[in-house]
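Here are the chains, one letter per residue:
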Amino acid sequence: MAGIIDVPKPRINCSMLLQHINQAVCFVCRVSKVHPSGKTFTAVDGEGKTVTVELNCCLEEELSGVVEVIGLVSNKGVLMAATYNLLREDRGTPFDLELYNEALKVIHDFPQHYPFEAAVSG
């Protein structure tokens, strides 16, 4: 799954999950609950919808706040994370997930201006 890091990925929210089954995606969400095993967590997107994220290995750090997850969408709509990045909010300005969600809508409404596919040069 490490190869998905190097390919272009659409940014999506929960309502777009089923349109991207078996595809690499980028997903920004707020962690709501980490499973005691440390192998999964549930998170909420900018629309307030919940997604389950499965990790390759157990968490080695406390996970809270806003994270950017890169992974594949399973046929059940679960996000299989290849990696994640914690978006720090310690500088006094919280990340606005609702505003981010509005930006996603613009990106998806005008794909000609925000292409996800990189041109292959030969």
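Residues numbered from 1 in each chain as written. Predicted model: local features only at pLDDT ≥ 70, side-chain atom pairs only at ≥ 80, totals over all residues. Heavy atoms only, no water.

Undergrad: Sorry, what's going on with the confidence of the model for the protein here?
TA: Reading fine detail from the predicted coordinates is not recommended where pLDDT is low. Here the protein averages 88 in pLDDT, while 92% of its residues score no lower than 70. A low-confidence stretch, residues 118-122 (pLDDT under 50), is modelled with one contact involving residues beyond four sequence positions or located in other chains. (pLDDT = per-residue confidence, 0-100. Contact = heavy atoms within 4.5 Å.)

Undergrad: How do you make sense of the pairing of strand β6 (residues 79-87) when you look at a structure like this?
TA: In regular strands, side chains alternate between the two faces of the sheet. Where strand β4 (residues 50-54) lies against β6, two bridges are found, and the strand directions are parallel. Bridge pairing in β6 links Val53 to Leu79. Note that strand β5 (residues 66-73) and β6 share eight bridges and pair antiparallel. Paired with Ile70 across the two strands is Thr83, which belongs to β6. With antiparallel pairing between neighbouring strands as the criterion, β5 and β6 make up a hairpin whose turn holds five residues, including Gly77 at a positive phi of roughly 85°. (Pairing = 2+ DSSP bridges. Helix = DSSP H or I, 4+ residues; strand = E, 2+ residues; numbered from the N terminus.)

Undergrad: It is not clear to me how the pairing of β4 should be interpreted in this structure. Could you clarify?
TA: Because side chains alternate across β4, one face comprises the buried residues Val51 and Val53, and the other comprises Thr50, Thr52 and Glu54, none of which is buried. In this sheet, β4 lies alongside strand β3 (residues 40-44) in antiparallel orientation, the contact comprising five bridges. The partner of Ala43 across the bridge, within β4, is Val51. The turn linking β3 back onto β4 is made up of five residues, and Gly48 within it adopts a positive phi angle of 85°. (Buried < 20%, exposed > 50% of the residue type's maximum accessible area, 1.4 Å probe, protein only.)

Undergrad: How do you make sense of a nonpolar patch on the surface when you look at a structure like this?
TA: Together, Val106, Phe110 and Tyr114 line one region of the surface with nonpolar side chains, adding up to about 270 Å² of accessible area. With respect to the helices, strands and loops of the structure, Val106 is situated in helix α1 (residues 97-109). A residue is classified by how much of its surface remains accessible, and Val106, at 38% relative accessible area, is partly exposed. (Patch = residues over 30% accessible without salt bridge, like charges linked within 9 Å, V, L, I, M, F, W, Y side chains within 5 Å. Areas by Shrake-Rupley, 256 points an atom, 1.4 Å probe, with all protein chains shown as cover. Salt bridge = Lys/Arg side-chain N within 4 Å of Asp/Glu carboxyl O.)

Undergrad: I would appreciate a short explanation of the nonpolar core in the present structure.
TA: Where a protein is soluble and globular, its nonpolar side chains tend to be buried together. In terms of nonpolar packing, the biggest core is built from 20 residues, with Phe27, Phe41, Val51, Val53, Val69 and Leu79 touching the most fellow members. Contributions of two or more residues to this core are made by β2 (24-34), β3, β4, β5 and β6. Ranked by residue count, the leading element in this core is β2, at four residues. Filtering out sequence-adjacent residues up to four positions away, Leu79 remains in contact with Val25, Phe27, Val51, Thr52, Val53, Glu54, Val69, Gly71, Leu72 and Val73. (Core = buried A, V, L, I, M, F, W, Y, C linked by side-chain atoms within 4.5 Å.)

Undergrad: Looking at this structure, how should I read α1?
TA: Each α-helix winds once per 3.6 residues, and so residues spaced three or four apart point in a common direction. Given a rise of 1.5 Å per residue, 13 residues ought to cover 18 Å, and the 18 Å separating the end C-alpha atoms of α1 matches this to within 8%. For α1, the full list of buried residues reads Leu97, Tyr100, Asn101, Leu104 and Ile107. Taken around the axis of α1, the buried residues stretch over an arc of 115°, which confines them to a single face. Within α1, the exposed residues directed more than 90 degrees away from the buried face are Glu98, Leu99 and Asp109. Of the surrounding elements, those touching the buried residues of α1 are β1 (11-12), β2 and β3. By the N-cap criterion, in which a side-chain oxygen at the helix start approaches the backbone nitrogen of a residue two or three places on, α1 is capped by Asp96, the distance to Glu98 being 3.1 Å. (Expected span 1.5 Å × (residues − 1). Arc of directions from axis to C-beta. Polar contact = N/O pair within 3.5 Å; in protein donor to acceptor, adjacent residues only side chain to side chain.)

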